[in-house]
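Report on the structure
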Amino acid sequence: MRNIAAIFHKELKTYFTSPIAYVLAAVFLVITGYFFYGMTVTFSNECLYYMQYASRYGGMPALNLNQQVIRGMFGLISFISLFIIPMLTMRLYAEEKRSGTMELLMTSPVRITETLLGKFFACFSLYAVIIGLTVLYQIILGVYGHPDWGPVLSGYLGTLLMGAAFIAVGIFASSVTESQIIAVVLGFGALLLFWVIGSASIFTRPGAGKIFSYLSILTHMLPFQKGVIDTQHILFYLSFIGFFLFLTVKVIESQRWR
Amino acid sequence: MIEVEHLSKYFGRTTAVDNISFRVEKGEILGFLGPNGAGKTTTMRILTCFLPASAGTARVAGYDVFKDSLEVRKRIGYLPENPPLYNDMTVRYFLEFNAKIKGVEPKQQRSRAEATMEKCGLQEVKETIIGKLSRGYKQRVGLAQALVHDPEVLILDEPTIGLDPRQIIEVRQLIKELGGEHTIILSTHILPEVSVTCQRVVIINKGKIAAVDTPENLTARLKGSERVYVEVEGPVDQVEQRIRQIPDVTAVSVESGGNGKRNGFFVESKVKADVRSQLAAAITSSGFGLLEMRRVGLSLEEIFLQLTTEEAEG
Ligand SMILES: Nc1ncnc2c1ncn2[C@@H]1O[C@H](COP(=O)(O)OP(=O)(O)OP(=O)(O)O)[C@@H](O)[C@H]1O
Ligand SMILES: [Mg+2]
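Since we're looking at a predicted model, the values are computed, not measured.

Cut-offs applied
- Residues numbered from 1 in each chain as written.
- Chains lettered and ligands numbered in written order.
- Predicted model: local features only at pLDDT ≥ 70, side-chain atom pairs only at ≥ 80, totals over all residues.
- Heavy atoms only, no water.
- Near = heavy atom within 4 Å.
- Polar contact = N/O pair within 3.5 Å; in protein donor to acceptor, adjacent residues only side chain to side chain.
- Areas by Shrake-Rupley, 256 points an atom, 1.4 Å probe, with all protein chains shown as cover.
- Helix = DSSP H or I, 4+ residues; strand = E, 2+ residues; numbered from the N terminus.
- Nonpolar A, V, L, I, M, F, W, Y, C, P; charged D, E, K, R; others polar.
- Buried < 20%, exposed > 50% of the residue type's maximum accessible area, 1.4 Å probe, protein only.
- Contact = heavy atoms within 4.5 Å.
- Domains from an automatic or database assignment.
- Buried area = accessible area lost by both parts, 1.4 Å probe.
- Salt bridge = Lys/Arg side-chain N within 4 Å of Asp/Glu carboxyl O.
- 1 Å grid on protein atoms, 1.4 Å probe; cavity = no way out; pocket = protein on both sides within 12 Å on 5 of 7 lines; lining within 4 Å.
- Points joined across faces, edges and corners; volume = space filled by probe spheres on them.

To continue, consider the site of ligand 1. All names here are of chain B. By nearness alone, 13 residues border ligand 1, and Lys40, Thr41, Thr42, Glu81 and His189 come closest of all. Taking lysine 40, its side chain carries an N or O atom lying 2.7 Å from an oxygen atom of ligand 1. With respect to ligand 1, the side chain of glutamate 158 contributes an N or O atom lying 3.4 Å from an oxygen atom. Expressed as a share of its isolated accessible area of 630 Å², the protein-covered part of ligand 1 is 65%. Ranked by residues supplied to the shell around ligand 1, first place goes to helix α1 (residues 40-47) with three residues. Considered class by class, the residues forming the shell around ligand 1 number four nonpolar, six polar and three charged.

Below is the structure:
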């Protein structure tokens with residue numbers, strides 16, 4: 001436990017001494033901020049329009065802040081995470097191997113799983129902080145509107161679970177190479193695959209299609225955005241994370257056997 | 001303290017370490033000497049549990065490096081060939097991090113880091129980012145990293161590489177002081193380093209052990225071919241011929257001249273035979289002029305070359 005904490009602290013420190021965390025957080029804020037602004041303005045324009053419409057003709061259609069702004073925001077956040085996370089994870093093992101510090105970690109009395117968990121939680125915490133920045137938008141919505149908070153909370157839960165799954169894939173990609181560039185490309189490629197795999201179910205045989213859509217990271221995310229917390233989906237993410245972390249341990253172990 | 005038995009390591013078809021066995025007693029300083037590619041680093045990596053052996057066993061403090069890897073790793077301090085440093089950390093943070101992952105009690109982590117910086121001459125650069133340090137300072141931080149948890153066993157791969165002459169002396173002194181309490185293996189290509197610091201030397205070449213002995217014995221064993229330099233006034237051929245007639249002389253080589261009157265010769269003679277008086281008598285009695293005569297011992301480098309070439313062939 002102490003070792004995990006030591007690695008965790010070291011990784012977080014490295015994140016914050018390099019510009020990458022700040023740059024990614026800034027880019028993330030600019031993009032989400034722009035879309036948030038756009039979506040809320042559109043929503044309020046629509047509200048105005050329908051209010052005028054209703055005052056003339058009567059009958060106001062149901063306009064839902066959750067559906068039109070918040071759900072869109074979560075979709076956007078997951079999409080951006082697809083790009084951001086490989087950049088956060090690329091360094092984790094590739095750089096240790098390139099610079100020779102892997103030799104330090106491997107000859108210290110620290111288990112491979114301890115190093116891995118330290119790295120995983122450090123990356124996850126940074127991700128959580130970046131995602132946490134968007135709470136600001138929810139507060140703004142809360143001040144000026146009346147969103148339903150249930151789906152907001154479940155949306156965050158889903159986003160964090162999905163992010164953790166992305167991180168597990170990214171760390172795995174970083175563990176197979178010494179090059180950060182290869183790690184980021186590999187990580188992004190794998191995530192993209194898990195992202196679009198659901199669509200492949202359209203043109204494959206029903207059996208395979210079912211598997212494909214089950215493996216799709218997106219499929220399991222949508223219920224959370226709608227406010228549904230289903231243990232089945234939580235289990236999917238947890239086992240997904242477990243599987244990739246397990247693979248990473250195996251890869252690191254096998255690299256000693258070269 | 002360290003027992004290596006029939007250890008081998010293959011990388012595909014290349015044999016990096018070939019069936020080596022040796023022991024290091026508690027408190028002993030063992031030098032690992034060998035040319036490039038001899039297998040020093042590979043052996044050390046096996047001892048530090050970084051690489052598994054292909055065959056044979058190695059035990060550190062009674063623990064097998066493969067089966068009880070964690071116990072072994074708790075007891076060793078390892079300075080790899082390229083110091084493993086995080087370039088974006090300060091020296092202090094790096095050493096505190098090392099103290100943490102190497103199991104130093106939380107209360108002592110700060111003081112251990114502090115004491116190690118003191119020991120390794122890092123006081124002026126405590127708060128400097130490691131990436132900005134010079135090569136020599138990085139090497140010192142690497143050494144500090146191996147010492148920070150005060151391990152029983154130290155494994156140092158070329159500890160003095162990249163240091164300035166004064167630092168080399170200081171580090172050797174430090175290693176000597178550490179011996180006694182700590183068991184140390186260090187590798188080097190530099191012979192004087194071994195004779196200054198180590199109690200025993202393992203000479204390794206092409207993965208095989210060429211010799212294990214004390215530095216004194218090794219030197220004595222090979223000082224056999226004593227050499228004398230003479231400068232003689234007289235025709236080259238005749239002088240050379242005359243010198244060759246001396247019984248104990250094993251080889252003569254012309255160093256300088258060849259056509260002029262003054263010629264220099266290197267005369268090699270048998271083990272422990274001092275041919276100088278015979279040489280002087282032979283030269284002067286033949287009517288040549290003896291201008292200069294001095295002993296030139298084989299340098300340690302030459303001994304090393306002899307050992308690693310001769311014994312590998314044999
Ligand atoms: N990871 C590896 N993969 C393949 N071959 C290797 C590997 N590591 C070492 N070797 C080979 O093993 C042999 C011994 O290498 P090693 O690094 O142990 O030598 P060394 O004695 O430390 O040399 P130097 O004095 O140059 O540091 C060399 O022929 C080297 O090419
Ligand atoms: Mg080496």
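Here the narrative resumes, following the displayed structure.
Turning to the environment of leucine 29 of chain A, a few remarks are in order. Residues and elements named next belong to chain A. Among the structural elements, leucine 29 can be located in helix α2 (residues 20-57). Judged by its relative accessible area of 31%, leucine 29 is partly exposed. When sequence neighbours within four positions are dropped, the list of residues in contact with leucine 29 reads Tyr34, Leu133 and Tyr137.

Let's shift gears to the domain arrangement of chain B. Per the domain assignment, the segments making up chain B are domain 1 (2-220) and domain 2 (223-297). Here the C-alpha centre of domain 2 of chain B lies 46 Å away from the C-alpha centre of domain 1 of chain B.

Take the interface of chain A and chain B next. Taken together, the contact pairs 25 residues of chain A with 31 residues of chain B. At the boundary of chain A with chain B, total buried surface from both sides reaches about 2500 Å², with 61% on carbon and sulfur atoms. At the junction of chain A with chain B, the criterion picks out two salt bridges. Across the pair arginine 2 of chain A and glutamate 105 of chain B runs a salt bridge, and its minimum N-O distance is 4.0 Å. Put simply, chain A and chain B have nine residue pairs in polar contact (both at pLDDT 80 or more) between them. For the side of chain A that touches chain B, the secondary-structure elements that each account for two or more residues are α1 (2-17) and α5 (101-107) of chain A. Broken down by element, the side of chain A that touches chain B gets its largest block of residues, nine residues, from α1 of chain A. Here the residues of the side of chain A that touches chain B sort into nine nonpolar, eight polar and eight charged.

Residue and element names in this part refer to chain A. Enumeration over the complete set of coordinates arrives at three cavities of 30 Å³ or more. In this model, the second largest cavity occupies a volume close to 50 Å³. Listed by contribution, the elements that provide at least two residues to the lining of the second largest cavity are α5 and α6 (112-132). Across the lining of the second largest cavity, the residue classes tally to seven nonpolar, one polar and one charged.

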